[in-house]
Amino acid sequence: QVQLVESGGGLVQPGGSLRLSCAASGRILSPNSMGWYRQAPGKQRELVAAITSGSITNYADSVKGRFTISRDNAKNTVYLQMNSLKPEDTAVYYCHLLGTGVWGQGTQVTVSS
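Residues numbered from 1 in each chain as written. Predicted model: local features only at pLDDT ≥ 70, side-chain atom pairs only at ≥ 80, totals over all residues. Heavy atoms only, no water.

Visitor: Outline the pattern of salt bridges, listing residues and values.
Guide: Here the structure, examined in full by the defined rule, presents four salt bridges. Between aspartate 89 and arginine 38 there is a salt bridge; the shortest N-O distance is 2.9 Å. Of this pair, aspartate 89 sits in the loop between β8 (77-82) and β9 (91-97) while arginine 38 is found in strand β4 (residues 34-39), placing the two residues 51 residues apart along the sequence. When sorted by exposure, aspartate 89 lands in the same class as arginine 38, which is buried. Linking arginine 66 and aspartate 89 is a salt bridge whose minimum nitrogen-to-oxygen distance equals 2.7 Å. Of the two residues, arginine 66 is situated in the loop between β6 (57-59) and β7 (67-72) and aspartate 89 in the loop between β8 and β9; the sequence distance between them amounts to 23 residues. For arginine 66, a relative accessible area of 10% puts it in the buried group. Bridged by salt links that share partners, the residues Arg38, Glu46, Arg66 and Asp89 form one connected network. (Salt bridge = Lys/Arg side-chain N within 4 Å of Asp/Glu carboxyl O. Helix = DSSP H or I, 4+ residues; strand = E, 2+ residues; numbered from the N terminus. Buried < 20%, exposed > 50% of the residue type's maximum accessible area, 1.4 Å probe, protein only.)

Structure (structure tokens):
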């Protein structure tokens, strides 16, 4: 059994920054591709960023240049650094073990003045 625990969400002003963390227990992350998804009210859950076991990254067009996904296998943790936040980034953000049914509990990110 693997468990993903997210933290770091909160309320920030437009243009601000936030870093989300996803800590894994039950196994190391190294062999797994990880992703951050988000779901805004009334919208479909969408992939924001992904990182492979080889640290190859992929981003949604809407966040390219603003968000950075990274991983620290020694700490069994995946991060999402979010800069230049916009109100449209407001959503519940989920950490996901790609290709599996394993998800974090979700953390709320609200961007508002």
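Visitor: Mind laying out the pairing of β4, listing which residues take part and the relevant values?
Guide: The buried fraction of β4 is high, at five of six residues. As paired elements, β4 and strand β5 (residues 46-51) share five bridges and run antiparallel to each other. Its bridge partner lying in β5, arginine 38 is registered against glutamate 46. A loop of six residues connects β4 with β5, the two strands running antiparallel in sequence, and glycine 42 in this loop sits at a positive phi of about 75°. Of the pairings in the sheet, the one linking β4 to β9 comprises six bridges and is antiparallel in character. When the sheet's bridge partners are listed, methionine 34 is paired in β9 with leucine 97. (Pairing = 2+ DSSP bridges.)

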